[in-house]
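What follows is the residue order along each chain.
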Amino acid sequence: MEEDLFQLRQLPVVKFRRTGESARSEDDTASGEHEVQIEGVRAGLEAVELDDGAAVPKEFANPTDDTFMVEDAVEAIGFGKFQWKLSVLTGLAWMADAMEMMILSILAPQLHCEWRLPSWQVALLTSVVFVGMMSSSTLWGNISDQYGRKTGLKISVLWTLYYGILSAFAPVYSWILVLRGLVGFGIGGVPQSVTLYAEFLPMKARAKCILLIEVFWAIGTVFEVVLAVFVMPSLGWRWLLILSAVPLLLFAVLCFWLPESARYDVLSGNQEKAIATLKRIATENGAPMPLGKLIISRQEDRGKMRDLFTPHFRWTTLLLWFIWFSNAFSYYGLVLLTTELFQAGDVCSISSWKKAVEAKCSLACEYLSEEDYMDLLWTTLSEFPGVLVTLWIIDRLGRKKTMALCFVIFSLCSLLLFICVGRNMLTLLLFIARAFISGGFQAAYVYTPEGQS
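Remember, predicted model here, so these are calculated numbers, not experimental data. (Residues numbered from 1 in each chain as written. Predicted model: local features only at pLDDT ≥ 70, side-chain atom pairs only at ≥ 80, totals over all residues. Heavy atoms only, no water.)

1. Focus: the pattern of salt bridges
This model, assessed by the stated rule, comprises 7 salt bridges. Among the ionic pairs, Arg-149 bridges to Asp-145, the shortest N-O distance being 3.0 Å. In this structure, the salt-bridge partner of Arg-149 is Glu-199, at a minimum N-O distance of 3.1 Å. Separated by 50 residues along the polypeptide, Arg-149 in helix 6 (residues 149-166) and Glu-199 in the loop between helix 8 (192-198) and helix 9 (203-231) bring together distant segments of the chain. With relative accessibility at 9%, the residue Arg-149 sits in the buried group. Overlapping salt bridges bring together Asp-145, Arg-149, Glu-199 and Arg-263 as one network. (Salt bridge = Lys/Arg side-chain N within 4 Å of Asp/Glu carboxyl O. Helix = DSSP H or I, 4+ residues; strand = E, 2+ residues; numbered from the N terminus. Buried < 20%, exposed > 50% of the residue type's maximum accessible area, 1.4 Å probe, protein only.)

2. Things to note about the confidence of the model for the protein
For the protein, the average pLDDT comes to 75, and 77% of its residues sit at 70 or higher. Scored below 50 in pLDDT, residues 1-65 shows 59 contacts in the model against residues more than four places distant or in partner chains. With pLDDT under 50 throughout, residues 349-363 is counted as low confidence; its partners more than four residues away or in other chains account for 6 contacts. (pLDDT = per-residue confidence, 0-100. Contact = heavy atoms within 4.5 Å.)

3. Thoughts on helix 6
Taking 1.5 Å as the rise per residue, helix 6 with 18 residues should run 26 Å; its terminal C-alpha atoms sit 26 Å apart, in good agreement. Of all the residues in helix 6, the buried ones are Arg-149, Lys-150, Gly-152, Leu-153, Ser-156, Val-157, Thr-160, Leu-161, Tyr-163 and Gly-164. (Expected span 1.5 Å × (residues − 1).)

4. What to know about the packing of aromatic side chains
If you walk through the whole model with that rule in mind, you get 16 aromatic pairs. Between Phe-79 and Trp-84, the ring centres sit 5.2 Å apart and the planes meet at 85°, which makes this aromatic pair edge-to-face. Residue Phe-79 is classed as partly exposed on the basis of its relative accessible area, which comes to 22%. Chaining the aromatic ring pairs together yields one cluster made of Trp-94, Phe-130, Trp-217, Trp-324, Tyr-331, Tyr-332 and Phe-441. For Arg-280, the ring lying beneath its charged end belongs to Trp-257, and the centroid distance is 5.0 Å. (Phe/Tyr/Trp six-rings, centres within 6.5 Å; stacked < 30°, edge-to-face > 60°. Lys NZ or Arg CZ within 6 Å of the ring centre and 35° of its normal.)

Spelled out as structure tokens, the structure:
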């Protein structure tokens, strides 16, 4: 009967979980094997191997009194239309995050010239954003654990949107310093989008999808530079800040579609809402729901900060902290240094070197030229091959070797910046260095949850 057949998709292996009572002989107990008799199903069935998408007889389905967890349902439903939509929406938040960070390399030299800021105030304007991110990341994680992934993400995005637009109207330096710090505070919660995204991904697609979502980061950085090329000469930095908030505004409008994490709903005791979310995903993907009752997966006690320094996790924790510090220091350092190197001009020229020294001793400055913006765009485009190369080699070399390779090539290109090079060679070295440090950064996103699991 056609009614007795269903399509099993995305699962190369059929698994059974037996929860009912059955009689077991002593011989069965000794051998560790026994048969489960299901009414209407003949005994002694031989093991069969199923091709992807092959029709499976109903007797192979989970019994109606079986149980499944959210993770089982996500694996059974597989990757489909719902995940593609979620990828775009999550990527929109990630794109906005990249734009708010990339704008620092453009805003700093502009305000340095327009407001005649000393170098330490320009540096503080950049640093306060990272201080805000550092101080808020744990808070946003706690909010998401207590009130839901979607709730934490929406609040952080609305927070960033509000203060991002408000900073465009800052009348003096002190105001923009505080407002950009509050923007950084909100940015600390945007990575919750990756947490929510990962909880809807089947295991075999998780690593590649998280890497592919980083493409939106590259799109965001490139879009910010292109926006600056057209906006800065005519409208100025205030309009650049306002227009840079457009992806955040789009996310705020579209997030009504975003579902709450089914895993969070189950852990919060809201099984009905979790079932509704899973049914919605199955319907959009055109895949069947697992049969049985949804149960809560066994949860260990929530860890504490001090658990990271127990003998079992201490070394792993310190290494991961060093990896993330090195990635962040190298990536953002290179991004912020790029405009400084371009403005320095031909460092091989003695006259240019004297000019640079004189500029450091005064409030003199130079606005970014059209050539500076175009070279900045070229170096920013390097993030696309960086992510793609990482995506190609991460499963071939492994996570650790991929990060090591990226760090080595980045270091070599950075060291070559110390020697006398022309403008074209400078741009090429920055292109290669940024491509590989960007790839190493993305590899860390994949390695970190696996290294702590």
